Each structure stands twice: as structure tokens, then as C-alpha cells.
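Here is how the chains run, residue by residue.
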Amino acid sequence: LATLLNIVDADSNLASGLAGVEEIFTTIGELLQMYRGKSEIFLPAARVLHALAAVIPRSSVSAGEIAGLRRKLEGISQILKQKLRLEKKYIHHMETRKGSDVLARESATKVVKTTRELQSVYDVLNCLEGEAKYHVEDQDCCTAKNTIVRRAFMETQNLRELGRE
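Below is a summary of the structure that appears in this document. (Residues numbered from 1 in each chain as written. Predicted model: local features only at pLDDT ≥ 70, side-chain atom pairs only at ≥ 80, totals over all residues. Heavy atoms only, no water.)

Residues K83, K110, K113 and R116 make up a contiguous surface patch of positive charge. With three residues, helix α6 (residues 101-129) is the single largest residue contributor to the positive patch. Here K113 lies in helix α6. (Patch = residues over 30% accessible without salt bridge, like charges linked within 9 Å, V, L, I, M, F, W, Y side chains within 5 Å. Areas by Shrake-Rupley, 256 points an atom, 1.4 Å probe, with all protein chains shown as cover. Salt bridge = Lys/Arg side-chain N within 4 Å of Asp/Glu carboxyl O. Lys, Arg positive; Asp, Glu negative; His and termini not counted. Charge placed at Lys NZ, Arg CZ, Asp CG, Glu CD. Helix = DSSP H or I, 4+ residues; strand = E, 2+ residues; numbered from the N terminus.)

Moving on: the nonpolar core. If you look at the biggest cluster of nonpolar residues, it comprises 38 residues, and the most contacted ones within it are V8, F25, L32, L49, L52, L73 and L128. Elements with a minimum of two residues in this core: α1 (2-10), α2 (12-19), α3 (24-34), α4 (39-54), α5 (63-96) and α6. In terms of residues, this core owes the most to one element, α6, which gives nine residues. In this structure, L52 is in contact with V8, A15, L18, A19, I24, F25 and I28, ignoring residues within four places of it in sequence. (Core = buried A, V, L, I, M, F, W, Y, C linked by side-chain atoms within 4.5 Å. Buried < 20%, exposed > 50% of the residue type's maximum accessible area, 1.4 Å probe, protein only. Contact = heavy atoms within 4.5 Å.)

Negative phi values dominate among residues other than glycine, just as trans dominates among peptide bonds. A positive phi angle, near 65 degrees, is found at E23, a position not held by glycine. Secondary-structure assignment places E23 in the loop between α2 and α3.

Overall, the coordinates contain three salt bridges when judged by the stated rule. One salt bridge connects E30 with K72, and the closest N-O pair in it is separated by 2.8 Å. In this pair, E30 is assigned in helix α3 and K72 in helix α5, connecting sequence segments 42 residues apart. Owing to a relative accessible area of 34%, E30 belongs among the partly exposed residues under this scheme. With relative accessibility at 23%, the residue K72 sits in the partly exposed group.

Their axes nearest at 9 Å, the elements α1 and α4 cross at an angle of 35 degrees. The element α1 and its partner α4 pack so that their crossing is left-handed. Counted together, L4, L5, V8 and D9 of α1 and P44, R47, V48, A51 and L52 of α4 form the full contact between these two elements. A per-class count over the contact of α1 with α4 returns seven nonpolar, no polar and two charged. (Axes fitted to C-alpha atoms, helices over the stretch in contact; angles between N-to-C directions. Left-handed = near helix turned anticlockwise from the far one by under 90°. Nonpolar A, V, L, I, M, F, W, Y, C, P; charged D, E, K, R; others polar.)

As C-alpha cells, then:
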């Protein structure tokens, strides 16, 4: 995966050649499906897929493969949206009733990671569609009522804001 990422980052001609490899979109789509929830693998795979989708050589990629990828990505996005909804619901519960600070931090971290994963899937779908049809609503860390939740959002989203790098 790191090699593919280096290839697509290095040169759009190399990325275009890579996009012409048989079943590349299907294979990377399967990686996204398998490693959903593991950001260290999911996000680079989504970046590779986005770069390849941006340079698709239309003549060499079957319409069926692209349609299959689109369906797979929409399925992944539905699962991620459900996960995000449940975590936000739990955070709301934590803010209205007293709960564990550790669990609040874990849940806030999951919200940020899931949001990043969902946005990366949406980036690929938007590239395939040719328009910005999909987007994720940003979680504003400053609106969190619970100090622990607010701090967890801030730590996960922007470490510099807290004086760390």
C-alpha cells in the first residue's frame, strides 16, 4: 500500500498507468471493506483510490468495475454513517448525563476517525461522479458541552491548538 501511495503521489502518468491495471479498483475497494475502522490502512487506501479515480483511463477500465466500486463505496459509507450516528448519540448521552470521562474521550476519538474515513470515501465517490455530491457535516469541537469530550475533539483534530506538535 505504501508503494502504491508513493506511485500515485509521485507522478500522474504513473498513476494513470496504475489505474489501467486490471481489477485495481476492485482490489483496493476490497481493502477498504476489510479495513474499515483501521484508519492506518483505510485512509492511505482511500487516498490511492482517490488518486486513481482522478486519472481513470476511461477506455481501459470496465464500466462494470467502476459501477461495482461505486456500489461498494456507497455500502461502506452507509456503515460508516451508522457508526458515526451511534457514536454521536453516545456522546450526546454522555453530555446530558454524567458518564465515564475515559469513555467520552474514546467516543470523541472514534467520531473524529470515522468522520475522516467517511470523508475519504466521499472524496472518491465525488471524483467518480464528477461533482461534489457527497459531504460530511463537520463536528465542531467547541460546541461539545462536556469538557472531556470537547478536549478530546480538540486533541484529535488539531494538536497545535493545545500547544503540542
